[in-house]
Amino acid sequence: MILTLSGSAALSAIADTGSFEAAADKLGLTQSAVSQRVRQLEETLGTTLVVRGRPCVLSKAGRRVQRYAEEVGLSQQRLLADLGVSGAERTRLRIAINADSLATWFFNALASEDRLLFDVVIADEGRAAELLRRGEVVAALGRTGPTVAGCDQFDVGRMRYVACASPAFFSKWFSKGVNAASLSAAPCLRFGPDDYLQYDWAKRLTGQTIAPPYHLFPSSQAFVDGCMAGMGWAMNPKQSVQHLIDDGRLTPLGKKAFLDVPLCWRWSRAAREGLAVLNASIRRRAKSFLLPP
């Protein structure tokens, strides 16, 4: 077996702790033993798995091996549970989630699974599947789309976004209407370079491709705060801003200010049984929060 469990465990411990020394403490081994296991893996695979530094981080290949270790850990955990063995060590799971879902409904789904430790990667709706495809995560919540090879998936529902801004911002930039010209001039907010929700809504509204000036705010709460402060307009989850709209602190950009984004939960088929409880929890939580698929 090329990828030994001991070698994979050493790699995961380094990813968790950021150093060979701390990984050794976690595993109850000497530092030289951990170094030897990682070195043997690297020599066998012919590639660098750990980028040495402060902290140590996994290379792209190292993250692929880490995913393998997580899948094995899930299978082992399920086996021990089936055998009635208690006290099994919790498995760490690296997953990708879009920031708005994490800030609104996904935490409660994760909280129902106490056998796992989560390493959450924030990824835009359109990028999450790519991380899963590259083997950097075991599961991902992202925009509904084509299946990923070696993975299962189900549609969780539609998250409704509303284009909104502060009343003062609306009066300043949209006094003559929300149209291609005003949207091209008014600053908007973007979560990051992969966030195109504002562009998607503007194109659907106007039928034109629009690239407005923008601020980058990599935080769901900052999106709401930035809109309220008059920094720009943005697409915010309806559940996050409806009370602010009702109070008059935010204003929708017209009667067609909504955009529904279909979301999909995908996971590695090798981890299917180990994720059964989490998957069921995601289905329940999504049903109570999101619009139907």
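Everything discussed here concerns the structure shown above.
A brief look at the structure comes next. Keep in mind that this is a model prediction, so the values were computed, not measured. (Residues numbered from 1 in each chain as written. Predicted model: local features only at pLDDT ≥ 70, side-chain atom pairs only at ≥ 80, totals over all residues. Heavy atoms only, no water.)

In this structure, Ser171 sits in helix α7 (residues 167-173). Residues Ser171 and Thr251 lie 80 residues apart in sequence; the distance between their C-alpha atoms is 9.9 Å. (Helix = DSSP H or I, 4+ residues; strand = E, 2+ residues; numbered from the N terminus.)

Where charged atoms from two side chains of opposite charge approach closely, those side chains can pair. Applying the stated criterion to the full structure yields 14 salt bridges. Its salt-bridge partner being Glu42, residue Arg52 comes within 2.8 Å of it at the nearest N-O pair. You can see Arg52 sitting in the loop between β1 (50-51) and β2 (57-58) and its partner Glu42 sitting in helix α3 (residues 31-45), a full 10 residues away along the chain. Under the relative-accessibility criterion, Arg52 is labelled partly exposed at 45%. (Salt bridge = Lys/Arg side-chain N within 4 Å of Asp/Glu carboxyl O. Buried < 20%, exposed > 50% of the residue type's maximum accessible area, 1.4 Å probe, protein only.)

Below, the discussion takes up the nonpolar core. Trp105, Val156, Trp201, Trp233, Trp265, Leu275 and Ile282 are the most contacted members of the largest nonpolar core, which totals 57 residues. Ranked by size, the runner-up nonpolar core spans 15 residues in total, among them Leu11, Phe20, Leu49 and Cys56. (Core = buried A, V, L, I, M, F, W, Y, C linked by side-chain atoms within 4.5 Å.)

Turning our attention to the packing of aromatic side chains. Taken as a whole and assessed by the stated rule, the structure comprises nine aromatic pairs. Seen from their ring centres, Phe169 and Trp173 are 6.0 Å apart, and the 35° between their planes marks the pair as tilted. Taken as a pair, Phe169 and Trp173 lie in helix α7 at a separation of four residues, close to a single helical turn. Residue Trp173 is classed as partly exposed on the basis of its relative accessible area of 29%. (Phe/Tyr/Trp six-rings, centres within 6.5 Å; stacked < 30°, edge-to-face > 60°.)

Moving on, we come to the environment of Ser166. Note that Ser166 resides in the loop between β6 (151-165) and α7. Those residues within four positions of Ser166 in sequence are excluded, and the remaining contacts are Cys227, Met228, Gly230, Arg249, Leu250 and Thr251. Polar side-chain contacts of Ser166 include one of 3.1 Å to the backbone nitrogen of Phe169. (Contact = heavy atoms within 4.5 Å. Polar contact = N/O pair within 3.5 Å; in protein donor to acceptor, adjacent residues only side chain to side chain.)

End to end, α3 covers 21 Å across 15 residues, agreeing with the expected 21 Å (1.5 Å per residue, within 8%). Looking at α3, one finds that the buried residues are Ala33, Val34, Ser35, Val38, Leu41 and Glu42. Positive backbone phi, approximately 70°, marks Gly46, located one or two places after α3. (Expected span 1.5 Å × (residues − 1).)

Another aspect to go through is unusual backbone geometry. At the junction of Arg54 and Pro55, the peptide bond is cis and its omega measures out at 5° in the coordinates. Summarising the element assignment, Pro55 is placed in the loop between β1 and β2.

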